[in-house]
Structure formats: C-alpha cells, structure tokens
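Structural features, examined
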Amino acid sequence: MKKIQVGFLVSYDYELLKNAIPQVYKESDSIFLAIDKGRKTWKGESFTIKDDFFQWIKSVDTDSKIQIIEEDFYRPELTSMECEVRERKILAEKMGIGNWLIQLDADEYFLDFKEFVDYLKSKNHYLDNPEKNQVQISPFLINMYKWVDDGVLYVEKPTKIMVATNFPSYKVGRQTRKRIIYYKGAVLHECISRTKEELEMKFNNWGHDTDINKNEFLNKWETVNESNYKMMRNFFYMEPEKWKKLAFVKGKTFREIEENLNFLQVLPTFFYIAKKNFGQWFKHLFKK
C-alpha cells in the first residue's frame, strides 16, 4: 500500500496518451488504463482504438507497470456525468484504496511529476485511515486553448484540478467535495487545442455535454489568433468570463511548449496557495 497509482480514462482521444503517459511513467508504481469494453463514450457514441496503439503501450511499458481495465462503463440509463463518476469509482477500486489515487485524462500532461510524487509521499499519513480523513490534492491546470502558427494560445489564469485523492468518493468528475490541499505544480491541459472536428466530438460526448453553448464557443474559437487574442476576452466554453484572457507560448510540439513555458511563473504564488490551504483546513476542521 501507499503506492503512487495513476489511472487514465481512455476514449476517442487515446492518441494523446503518447504525450501523457511518458510524463508519469517513471515515478508511478502502476498505471491503469480504463477502456469501455464496447468502445462507447459516456454519451453512447462509438469509437475505435487502432491495434498499433496497444503495440505502442507494449513498447513503452518497459517495467510492466501498465494494466488495461476493460468493462462496460457506458450505461444508457445514466447521464454522461453519472457514467463518468461511475467509471472513476470503478477505476479507483482497481487502483486500490490505501494508495495515492491519481486520475488523469488523456489530454492532461503532468509537468515535473517527480516533484509531485515527493510531495504526496510527504503526506502519506493521510493514507492510514483514508475514509475518515478524506483529502483531495489540487495542482493547477494550464489550459491550452488553440494551436496557432508559431505556438499555442493558453488561458492566462490557471485553474484548480483535483487529480489525486486518498479516498475516491467522487461526486462530480474528480471532485469529492472534501478538503482540498493545493499544490504549486502544473498540468498542461490540451483541453480545446484541437481541430474543429475533434472539438465537436469532445463536446458531444463528455460529462459536461449539456452545459455548453457549442456554436457560440466555436465561433469565437475559430476567430481568435496570434494577432488578435489580446483584444478579446471571455473564452470559457460554459461560463465565458471564467477564462478572461489568453497568453501565448512559442513552440510547434508539446516538448517545445514544455521547454518554453515557465510554468512556475504562471502559477499562483506560494503565499496565495498557503492562504487557500489554511482556509480549507479551517473550513473542514469540524467536519466529519
């Protein structure tokens, strides 16, 4: 027990795992890939995974860490979000209560995962009685908005992301609504930096599918570019004002973006994080 267990939900954007898995492979104890047995999204749409992807998994799994879990995660009687929460809970059970349970999506690339693992191990006392002392650990997402000619437009202000927990009582996505411990680390999120066709597929099939004004969002997304992004505001796909401004980083590939982005400068300050953590500690001090 007290291992570093990483789980990925695998669907139509499985090719992005070729960026995501190498970021966490060395420092994880096990990696679990959850794939719907019938190749259905949470919305019930069909997708395929090419055989060469599984060959790639075998080629990179030099330490035999990767396990593939195939079950019927899609249930037609459930909403998309209910399917997501159900899949995450099943995956977490397979990963093993009593370990650090880290769940990521295929489009989430952890930056400096070793530092994060060291931080989690310093908090191993939370694994002794996890159900009675539930916490969730939140680094920050740097949301990639759109690939442009010379690089990527990304959301200027990072957002919290509950990637790890000691007990998977998920309520909405990865959110357990238990105490949050914020961590100054970054996950680069290839959120909507896709082609238009890929975006439409994403919006039609994920857990937030009913919350999005798809046409309004896509019109703005198609319009913004490296020349005009500073003159535009409000870019989020559900409540636009949550993503007020974009920023730019140069690079043609994920590796170049990782090298050119000084993510520690993009993230909130240590003082801000300490203040948030004190607030969370005090908020949950008298809660069971």
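Notes on the structure follow.

Rules behind the numbers
- Residues numbered from 1 in each chain as written.
- Predicted model: local features only at pLDDT ≥ 70, side-chain atom pairs only at ≥ 80, totals over all residues.
- Heavy atoms only, no water.
- Helix = DSSP H or I, 4+ residues; strand = E, 2+ residues; numbered from the N terminus.
- Rg over C-alpha atoms; globule rule 2.2 N^0.38 Å.
- Buried < 20%, exposed > 50% of the residue type's maximum accessible area, 1.4 Å probe, protein only.
- Areas by Shrake-Rupley, 256 points an atom, 1.4 Å probe, with all protein chains shown as cover.
- Lys, Arg positive; Asp, Glu negative; His and termini not counted.
- Charge placed at Lys NZ, Arg CZ, Asp CG, Glu CD.
- Core = buried A, V, L, I, M, F, W, Y, C linked by side-chain atoms within 4.5 Å.
- Contact = heavy atoms within 4.5 Å.
- Arc of directions from axis to C-beta.
- Axes fitted to C-alpha atoms, helices over the stretch in contact; angles between N-to-C directions.
- Parallel < 35°, antiparallel > 145°, perpendicular 65-115°, else oblique.
- Left-handed = near helix turned anticlockwise from the far one by under 90°.
- Nonpolar A, V, L, I, M, F, W, Y, C, P; charged D, E, K, R; others polar.
- Pairing = 2+ DSSP bridges.

Another aspect to go through is the overall build of the protein chain. Looking only at helices and strands, the protein chain features nine helices and eleven strands. A compact globule built from 288 residues should have a C-alpha radius of gyration of about 19 Å, and the protein chain, at 19 Å, falls within 12% of that. Structurally, the protein chain occupies a C-alpha span of about 55 × 45 × 40 Å along its principal axes. By the burial criterion, 54% of the 288 residues in the protein chain qualify as buried. When the accessible surface of the protein chain is split by element, carbon and sulfur atoms take 49% of a total near 14,200 Å². One finds the centroid of the 47 positive side-chain charges in the protein chain at a distance of 7 Å from the centroid of its 43 negative side-chain charges.

Moving on to unusual backbone geometry. Positive phi is not limited to glycine here, since Arg39 has a value of about 55°. Tracing the chain through its elements places Arg39 in the loop between β2 (30-36) and α2 (51-60). Residues other than glycine seldom take positive phi values, yet Asp112 does so here, at roughly 55°.

What tends to happen in soluble globular proteins is that the nonpolar side chains get buried as a cluster. Counting 63 residues, the largest nonpolar core has Phe8, Ile21, Phe116 and Ile137 as its most contacted members. With residues up to four places along the chain from it excluded, the contact list for Ile137 reads Trp100, Phe116, Tyr119, Leu120, Ile161, Met162, Val163, Ala164, Ile181 and Tyr183. One finds Tyr145, Leu199, Val224 and Met232 within the second-largest nonpolar core, a separate group that totals 19 residues.

Take α2 next. Along an α-helix, a turn takes 3.6 residues, which lines up residues three or four apart on a common side. Turning to α2, its buried residues are Phe53, Phe54, Trp56 and Ile57. Down the axis of α2, the smallest arc covering the buried residues is 150°, so these residues share one side. Along α2, the residues that are exposed and aim more than 90 degrees away from the buried face are Asp51 and Lys58. For α2, the secondary structure elements touched by its buried residues are α1 (17-24), β2 and β3 (66-71).

To describe two helices that pack against each other, one gives the angle between their axes and the distance between the axes. Packing of α1 against α2 brings their axes to within 12 Å, and their N-to-C directions diverge by 15°. Considered as vectors, α1 and α2 are oriented roughly parallel to each other. Considering the relative orientation of α1 and α2, their crossing is right-handed. Contacts between α1 and α2 involve Leu17, Lys18, Ile21 and Pro22 from the first element and Phe53, Trp56 and Ile57 from the second. Of the residues that constitute the contact of α1 with α2, the class distribution is six nonpolar, no polar and one charged.

Next up on the list: the pairing of strand β7 (residues 151-155). When you tally the buried positions in β7, you get five out of five residues, the bulk of the element. Sheet topology note: the strand β6 (residues 135-148)/β7 ladder contains four bridges and is antiparallel. Counterpart to Val148 in the pairing with β7 is Gly151. Hairpin geometry of β6 and β7 is characterised by an intervening segment of two residues between the two adjacent antiparallel strands. For β7 and strand β11 (residues 246-250), the ladder comprises five bridges, and the chain directions are antiparallel. Bridge pairing in β11 places Gly151 opposite Lys250.

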